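Each chain is listed here by its residues.
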Amino acid sequence: MLSVLRVHLPSDIPIVGCELTPYVLSRRPNKDKSVISEDVPESAPVDGYFLRYKWYRIQSDKKVAICSIHPSEQATLQCLGCVKAKIPVAKSYHCSPKCFSDAWQHHRALHERAASVVNENGNDEEEIFGRFNSTGSGVINASLTPSQSSGSLANGTTPLYPAAVTQRSGGETWFEVGRAKTYTPTADDIGHVLKFECVVVDAETKLPVGPASTILTSRVIPAPCPTPRRMFSVSGVDIPGHLDLDGRLSPSGTFTVLSYNILSDAYATNELYSYCPSWALSWTYRRQNLLREIVGYRADIVCLQEVQSNHFEEFFAPELDKHGYQALFKRKTAEVFSGSINNIDGCATFFRRDRFSHVKKYEVEFNKAAQSLTDAVVPIAQKKTALNRLVKDNVALIVVLEAKFSNQGVDNPGKRQLVCVANTHVNVQQELRDVKLWQVHTLLKGLEKIAASADIPMLVCGDFNSMPGSAPHTLLALGKVDPMHPDLAVDPLGILRPPTKLTHQLPLVSAYSSFARMGVGLGLEQQRRRMDPNTNEPLFTNCTRDFIGTHDYIFYSADSLTVESLLELLDEESLRKDTALPSPEWSSDHIALLAEFRCKPRTRR
C-alpha cells in the first residue's frame, strides 16, 4: 500500500500571497519499496491509491495582532498616533518598547507624510497627532487588548476555497480552506496557524486508508510593505507618490527606465545573509515582493540583473507579460555553484508594448571577446593563464527599440524615434580591476559601432560592480581614463596598454548626477545628503552587513536625452537603524534606480 513517510514545509513562516508547497515523501507499494517525492493525484493513482490533501485555518477566540517591524512576533504595543492619523492599522503595532524605539526614525516618516496631507486640508497637525519627541514617548498604548487588535485581522475577503467549519474545541475553530496540495494564504489567515493534512486514499472506494499525516505552520503574517519611494523632478518640484502610480500617462516624448539587480536565488543563502529572516530569503516570498515592487514603478523599460534562467521563463516573463511587457533575456555563459542550468543568471530587459516596439537585439558575451583578444595579442604560452583571468561568463544585452510616441514637430514628420538600451552585469571580483575595465571598454566599443550606424540615444544600465571614481566608472562618465589612475596598475596581461586606447566617443552622463544640478527644495536637499559630493553619485546602491557602496548606474547620452525626474534614494536611516539588505521589506541587496527621460527634439539635417 502507498504510504506517506514525511511531510515538510520549506518555509518556516507563511506569508500572505506567497504560495505554500509542502514537500511530501511517500513510499511505493512495490517490491523495492522505492521512495518518491512526486505527487500522486487521483487522476494518476499508484497501485490503486492516491494522495488527498486538505488545508485548515485554526482560529482562536483570542485575537492576535502582528508586529509591523518583526512580523513573526506578536504585537504588545500600538502607536496611537497612527490610529488617529488613519495610517493603516497594521503599521501601528510593535512587539516591544525597544522595537518601537529602534524603528522610530523610520516610523516617524509615516506621521510626517500623513501630517503633510492633513495640513493641506487645513487641519492642525498637533491636534491630529499629539506631541511627539525624539524617543517616541507618548504614542504607545502599552496594553494591547484583543478588542484593540481585532480591527486589523479581518478584511472581508473570500478565501479561494469556501471555508467550512469542521470542528470547534477548546476555544478554537477549524475552517477548511483548501483541497489542493498547495495553498496561498489570504488576508483572512493573518495571525492564524494553518494545518496541512495528507492522507492515502483507496482509488476504488474513495475512502482514507490509515492515519493522516499533518503539519502545523507558524502564524500567517502579512507581507511587509516598504514605504513607497517618491519621484523628484529635476525642476525641484516633488512629484506626489510614485511616478505613474496614479495611472497617469507619461507625457509625450518622455519615458522611464528602471535598473535593478534583484539578487539571484542561487546567491540568496542563509550563510551570506544570516541577518535576514529565512522566510524573507525564500524565493516564494522574494519573487512576489520583487514583482510587486517592479510593477509598482510602472517603468517603460526595465533592466534586471541576476535573473535566473528558470525564474525568467517560469515567473518574470509571464508575470510581466500580464502587465503589458515584452521580455528579452541573455543568460551568462557558464553554470554556477550547483551545476544546474536553471541556476545560471543573466540580464533581462522588458519594455512596455504600448510604448515601444522591438527593432534589434545584440548579445555581448565577454568570454568570446576574451578568446578573440587572447588569440590576437597574447603569446601562446600565456594563453591559458590569460583565459583563466578573462573568462568570467559575464554578458550584456543590447536592445534597440522604436518609440511609439514622438516629440517631433511638423518639420520632422514620420521620423523614427529609436532608443538603444544596454543592460549588463560586470564581474564582481574586486581584485580583477583590469577585467572589469576591459569588460566595460569592450561594451562601450560595441555601443559606439551602433551609434555610428544610426542617430540614436544611448542608455547604459546595470550593476558594474565598480565604485564611483574607479576606472570603469571614470571611463563611462568621462570617456577616458587618466594614465596615472591607480586601477591601471593592475594589468598582468597588458590588455590595458597603452592607456590612451581606453576611450570612447559616447556623450554619456550618469542620470543620478542630476541631483547635484537640481534646484532648491527640502526634498532635493535631503537627496543631496544621500549623494557623494565628490563623485555626484549615490552614497550607496548596494547595502549588506559587510559592504555599503555604489555599484549600479544608469548612464544616458546627454546630446539626445535629458533627465526629467529621478526616483528618490534610500538612506540607512530609512532602512532602519540596524539594517542591511536584503530584508523583509526589500528583497534584494541592491536598490532600484529609476529615471525619467525626455527625447530632445532633433533638427533636420
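The protein is annotated in an unreviewed UniProt entry as poly(A)-specific ribonuclease of Anisodus tanguticus. Note on the protein: under the UniProt heading Sequence similarities (unreviewed entry), the record states "Belongs to the CCR4/nocturin family."

Comments concerning the pattern of salt bridges
Applying the stated rule across the entire model yields 23 salt bridges. One network of salt bridges, with partners in common, ties together Lys 330, Lys 361, Glu 363, Glu 365 and Lys 368.

A closer look at helix α12 (residues 471–478)
The buried fraction of α12 is high, at six of eight residues. Looking at the buried residues of α12, the elements they touch are α11 (433–453), β21 (458–463), β22 (508–510), β24 (537–538) and β27 (552–557). Phi turns positive one or two residues past the end of α12, at Gly 479, with a value near 85°.

Notes on the side chain of Gln 439
Topologically, Gln 439 is positioned in helix α11. Among the polar contacts made by the side chain of Gln 439, one reaches the side chain of Asn 394 at a distance of 3.2 Å. Ignoring any residue separated from it by four or fewer positions in sequence, one finds Gln 439 in contact with Phe 366, Lys 392, Asn 394, Val 426 and Asn 427.

Details of the packing of aromatic side chains
One pass over the full model with this rule turns up 21 aromatic pairs. Aromatic side chains Phe 255 and Phe 405 sit 6.1 Å apart centroid to centroid with 35° between the ring planes, which places their arrangement in the tilted category. Here Phe 255, found in strand β14 (residues 254–261), pairs with Phe 405, found in the loop between β19 (395–403) and β20 (418–425); they are 150 residues apart in sequence, far enough to count as distant. According to the relative accessible area criterion, Phe 255 is buried, its value standing at 0%. Aromatic pair Trp 279 and Tyr 285: ring centres 5.3 Å apart, planes at 75°, arrangement edge-to-face. Take Trp 279: its relative accessible area is 3%, and that puts it in the buried class. For Tyr 285, a relative accessible area of 0% gives the class buried. Taken together, the ring pairs in this structure connect Phe 255, Phe 356, Phe 405, Tyr 556 and Phe 597 into an aromatic cluster. When the ring centre of Tyr 325 is taken as origin, the NZ or CZ atom of Arg 352, which lies over that ring, is 5.4 Å away.

Examining the nonpolar core
With 66 residues, the main nonpolar core has Phe 255, Ile 294, Ile 301, Phe 350, Phe 356, Leu 459 and Phe 597 as its most contacted residues. Of the residues forming this core, the biggest block, six residues, is contributed by helix α7 (residues 283–297). Those residues in contact with Phe 255 that lie beyond four places of it in its chain are Asp 300, Ile 301, Arg 355, Phe 356, Phe 405, Val 419, Leu 459, Leu 561, Ala 595, Glu 596, Phe 597 and Cys 599. Listed in part, the 37 residues of the second largest apolar core include Phe 366, Leu 443, Ala 471 and Leu 496.

Regarding the sheet that holds β27
If you trace the six strands from one edge of the open sheet to the other, you get β18-β19-β20-β21-β27-β22, paired in mixed fashion. Both edges of this open sheet fall to β18 (356–365) and β22, since each of them pairs with a single strand only. Direction aside, neighbouring strands of the sheet carry axes that sit 20° apart on average. Where β22 meets β27, three bridges bridge the pair, whose relative direction is antiparallel. Following the sheet pairing, Leu 508 is matched in β27 by Ser 557. Sheet strands touched by helix α9 (residues 366–377): β18, β19 and β20. Its angle to β18, the strand with the most contacts, is close to 45°. Each of β21, β22 and β27 is contacted by α12, which is oriented at about 20° to β27, the strand it contacts most.

Overview of the pairing of β20
For β20, a buried count of eight out of eight residues is recorded, marking the element as mostly surrounded by other parts of the structure. Burial along β20 is two-sided: Leu 418, Cys 420, Ala 422 and Thr 424 facing one way and Val 419, Val 421, Asn 423 and His 425 facing the other are all buried. Where β19 and β20 come together, seven bridges link them in antiparallel fashion. The residue of β20 that forms the bridge with Leu 397 is Asn 423. Pairing between β20 and β21: six bridges, direction parallel. Opposite Asn 423, over in β21, you have Cys 461 as the bridge partner. For the handedness criterion, the β-α-β arrangement of β20, α11 and β21 is classed as right-handed.

Here's the deal with the sheet that holds strand β2 (residues 23–27)
Taken in spatial order, the three strands make up an open sheet running β1-β2-β3, and their pairing is antiparallel. Of all strands in the sheet, those with a lone pairing partner are β1 (3–8) and β3 (35–36), marking the two edges.

Some words on the environment of Leu 539
Among the structural elements, Leu 539 can be located in the loop between β24 and β25 (542–543). Residue Leu 539 is classed as partly exposed on the basis of its relative accessible area, which comes to 45%. Here the alpha-carbon distance between Leu 539 and Thr 550, two residues 11 residues apart in the chain, equals 6.3 Å. Excluding its chain neighbours within four sequence positions, the residues that come into contact with Leu 539 are Arg 529, Arg 530, Met 531, Asp 532, Gly 549 and Thr 550.

Parameters at a glance
Residues numbered from 1 in each chain as written. Predicted model: local features only at pLDDT ≥ 70, side-chain atom pairs only at ≥ 80, totals over all residues. Heavy atoms only, no water. UniProt positions renumbered as here; feature names shortened; annotations may be inferred. Salt bridge = Lys/Arg side-chain N within 4 Å of Asp/Glu carboxyl O. Buried < 20%, exposed > 50% of the residue type's maximum accessible area, 1.4 Å probe, protein only. Helix = DSSP H or I, 4+ residues; strand = E, 2+ residues; numbered from the N terminus. Contact = heavy atoms within 4.5 Å. Polar contact = N/O pair within 3.5 Å; in protein donor to acceptor, adjacent residues only side chain to side chain. Phe/Tyr/Trp six-rings, centres within 6.5 Å; stacked < 30°, edge-to-face > 60°. Lys NZ or Arg CZ within 6 Å of the ring centre and 35° of its normal. Core = buried A, V, L, I, M, F, W, Y, C linked by side-chain atoms within 4.5 Å. Pairing = 2+ DSSP bridges. Axes fitted to C-alpha atoms, helices over the stretch in contact; angles between N-to-C directions. Right-handed = clockwise from strand over helix to strand, strands pointing away.

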